[in-house]
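Here is what each chain is made of, one letter per residue.
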Amino acid sequence: MTISTPTMRKVPTGVPGLDTITKGGFPEGRAVVVAGTAGSAKSVMAAQFLKGGIEAGEPGVFVTCEETNASIRDNLRGFGWDVAAWESDGLWAFVDATRSLDGASIQAGSYDLEALLARIRATVNRLGATRIVIDSLDGLFEQFNRDVHFRNELQRVITRLSDLRVTTLLTTERDSEYGAPSRRGVEEFLTDNLILLRNVLTDEKRRRTVEIVKFRGTSHGTGEFGFSVNGSGISVIPHLDITDDRVLTDERITSGNTKLDSMVDGGLFRDSIALVSGAAGTGKTLLMTSFVAAGVALGERCLVFAFEERREQLIRNARGWGVDFEAMERDGLLKIVAVYPEIATLEDHLVAISNLVEEYRPTRVAVDSLSALERVGTGDGFRKFVVSLCATFKHRGLTAMLTSTTPTFLGGTSHSESHLSTVTDLIVLLRHSEVAGILRRGLMVLKMRGSRHDKEVREFTVDSLGMHIGEVSTHPIMVPGELPQMPADGDDDQGPDTG
Amino acid sequence: MQEYVFELYVAGDGLRSRTAVEVLNRMCEDRLAGRHELTVIDVHLHPERAERAKILATPTLLRRYPTPEVRIIGDLGLTRSVLAQLGVPVDGAPTVSKSQEDT
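As the structure is a prediction and not an experimental result, all values here were calculated from the model. (Residues numbered from 1 in each chain as written. Chains lettered and ligands numbered in written order. Predicted model: local features only at pLDDT ≥ 70, side-chain atom pairs only at ≥ 80, totals over all residues. Heavy atoms only, no water.)

Draft legend 1. A look at the overall build of chain B. Along chain B, the regular secondary structure elements total four helices and four strands. Listed by position from the N terminus, the elements making up chain B come as β-α-β-α-β-β-α-α. The burial tally for chain B puts 47% of its 103 residues in the buried class. Across chain B, contacts joining residues at least 24 apart in sequence account for 64% of those joining residues at least 6 apart. When the accessible surface of chain B is totalled, it reaches about 5,200 Å², and 50% of it is carbon and sulfur. (Helix = DSSP H or I, 4+ residues; strand = E, 2+ residues; numbered from the N terminus. Buried < 20%, exposed > 50% of the residue type's maximum accessible area, 1.4 Å probe, protein only. Contact = heavy atoms within 4.5 Å. Areas by Shrake-Rupley, 256 points an atom, 1.4 Å probe, with all protein chains shown as cover.)

What follows is the structure, given as structure tokens:
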């Protein structure tokens, strides 16, 4: 039993986001067990831990118990990690603890694992390594009788490794996502530090999560955190605090529609997130297009994520409203990224968006539509995604406009939108309604955080110059709380039934 | 090249190592009478040799020749079946009787 001490040092994990939830990394000089089912990315995390050390100039030793050195090099090349180069630079070394395939192996009498320990120790000393990975414990178990003697020996080896003042990451395989922490039911006793990786399939949607079960003697984040495995390894998505201590700006910028600006008392706040909600065909993409065009006109860089329409379609729509997206892209002030939502998990999308924002450094960003991504994840996963996405934008102080194609906003029946409303600063509702044989379009500002705003429903028209917001509507286009459930295509809206 | 080539991997010169060396020496003298070559390797002094041979446990007896390789892990209780695995003559083995082996 270790007494809790605030002075326990931690080493960076090398995995983006994981340092946040581990509050600084893995406990230095200790052993951490990473357990997960087959395909839960244990080996990737293990290798990335060594990579993290290497990037800080600290060599690492990879003890492989299942895969050959060559296949590990091959697998990791897929992430752009050149293990062979690290090996020749003395930054990475393998200890091959795989089963020897040359002939029979028989156990006769008592033994110890001193040879394995001696090999690891010699390699650590040769490199001056500070990190060790053993991948996996199960691979070792397969080679010996799984008796008390073997487990005691393994425990002794791991204890001896900590005498070397290295931080060790051990992997072990689990049979189920929410069952016993490990297959043999013993590995968790080997260490005071246990991390679980999950790869859960819910409603035909896959979600990867990481959970820190225990870090003896030091604090850590609790619960499951989503993570993504992408072209550059694992990225963990910490729950960012959206109410950070960053000073909010009073600076107003144009939304791209002067009438809307005046409805919210002078424009959007520079570091705010606007949500435009409405059924298909109500003008959400148009508002988004104006928002982007206004930014470009001021020389601001804009980034558009299109999840609903193809790039060509988006460009054609914009041209119909007199906006030339292609020219803006040529001028380097606009980047349109069209992605089919189903190609990746929400966590993958989040990491990709976040990386692009980091790389392109836009002043304005638009997501059209957010609701298209709801198909990819389950309720809670989507909620966390939205919160993390908004936090990502907020932390960078940029202006974001998100669209949502959900027909039941005011009814409050949509799980996602009730969460959207708490993380967004401005909510604009767009509705259309057939009144006495005429299609009428209405717009209202549902909320504007930190500012006075119009409470009226105004009618608007759309032509080749864009959206024209007019007078306060005298027609029942929308009645809060009593909107009918409209189909997603929104073309047969019968108007609210107030009877 | 001898008829039998053995490598015995031990850790230090503790009791377990010495027992393994003694047992193996006696077996070679009794049964192979000079037709063998035995190298004792201390993994603490030569971890790189343990690395090359992929040795995890000590003591490990590795029969290099005749091929294929055979590994005996443990302090070598030289029963008839272990001797048989090593391809060493077992007739008249004093430690294990015929009847015990059959059961």
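Draft legend 2. Region of interest: the overall build of chain A. Per the secondary structure count, chain A includes 14 helices and 23 strands. Burial statistics for chain A: of 499 residues in total, 56% are counted as buried. Sequence separation of at least 24 residues holds for 69% of the intrachain contacts in chain A that already meet a minimum separation of 6. For chain A, the accessible surface area stands at approximately 20,400 Å², while carbon and sulfur atoms represent 49% of it.

Draft legend 3. Quick look at the environment of Glu459 of chain A. Residue and element names in this part refer to chain A. By the secondary structure assignment, Glu459 is in strand 22 (residues 458-463). Residue classification places Glu459 among the buried positions, given a relative accessible area of 18%. For the pair Glu459 and His475, spaced 16 residues apart in sequence, the C-alpha to C-alpha distance is 8.9 Å. A polar contact of 3.1 Å, which involves the side chain of Glu459, links it to the side chain of Arg440. (Polar contact = N/O pair within 3.5 Å; in protein donor to acceptor, adjacent residues only side chain to side chain.)

Draft legend 4. Structural detail: empty space enclosed by the protein. All names here are of chain A. Enumeration over the complete set of coordinates arrives at one cavity of 30 Å³ or more. When its volume is computed, the largest cavity comes out at roughly 70 Å³. Surrounding the largest cavity, Arg207, Gly226, Ile237, His239, Leu346, Glu347, Leu350, Gly381, Lys384, Phe385 and Ser388 form its lining. For the lining of the largest cavity, the elements supplying multiple residues, two or more each, are helix 12 (346-360) and helix 13 (379-395). Broken down by element, the lining of the largest cavity gets its largest block of residues, four residues, from helix 13. Looking at the lining of the largest cavity, its residues break down into four nonpolar, four polar and three charged. (1 Å grid on protein atoms, 1.4 Å probe; cavity = no way out; pocket = protein on both sides within 12 Å on 5 of 7 lines; lining within 4 Å. Points joined across faces, edges and corners; volume = space filled by probe spheres on them. Nonpolar A, V, L, I, M, F, W, Y, C, P; charged D, E, K, R; others polar.)

Draft legend 5. Geometry of the layout of surface pockets. Residue and element names in this part refer to chain A. Approximately 440 Å³ is the volume found for the largest pocket. Taken together, 21 residues form the lining of the largest pocket, with Pro16, Ser235, Val236, Ser354 and Asn355 sitting closest to its centre. Elements represented by at least two residues in the lining of the largest pocket include exactly helix 2 (42-55), strand 12 (233-236), helix 12 and helix 13. It is helix 12 that contributes the most residues to the lining of the largest pocket, five residues altogether. When grouped by side-chain class, the residues that make up the lining of the largest pocket number eight nonpolar, ten polar and three charged.

Draft legend 6. A look at the packing of helix 12 of chain A against helix 13 of chain A. Residue and element names in this part refer to chain A. Closest axis-to-axis distance for the helix 12/helix 13 pair is 10 Å, and the angle between their directions is 5°. Here helix 12 lies roughly parallel to helix 13, going by the angle between them. Mapping the contact onto sequence places Leu346, His349, Leu350, Ile353, Ser354 and Val357 in helix 12 and Gly381, Phe382, Phe385, Ser388, Leu389, Thr392 and Phe393 in helix 13. Residue classes in the contact of helix 12 with helix 13 are distributed as eight nonpolar, five polar and no charged. (Axes fitted to C-alpha atoms, helices over the stretch in contact; angles between N-to-C directions. Parallel < 35°, antiparallel > 145°, perpendicular 65-115°, else oblique.)

Draft legend 7. Layout of the interface of chain B and chain A. Contact with chain B, which involves 25 residues of that partner, is made by 29 residues of chain A. Regarding the contact of chain B and chain A, the summed buried area is about 2,200 Å², with carbon and sulfur atoms giving 54% of it. Among the residues chain B hides against chain A, the three largest losses belong to Lys54, Leu56 and Ile73 of chain B. Together they make up 34% of the total. At the surface where chain B touches chain A, the tally comes to three salt bridges. Measuring nitrogen to oxygen at the nearest pair gives 3.4 Å for the salt bridge that ties Lys54 of chain B to Asp96 of chain A. (Buried area = accessible area lost by both parts, 1.4 Å probe. Salt bridge = Lys/Arg side-chain N within 4 Å of Asp/Glu carboxyl O.)

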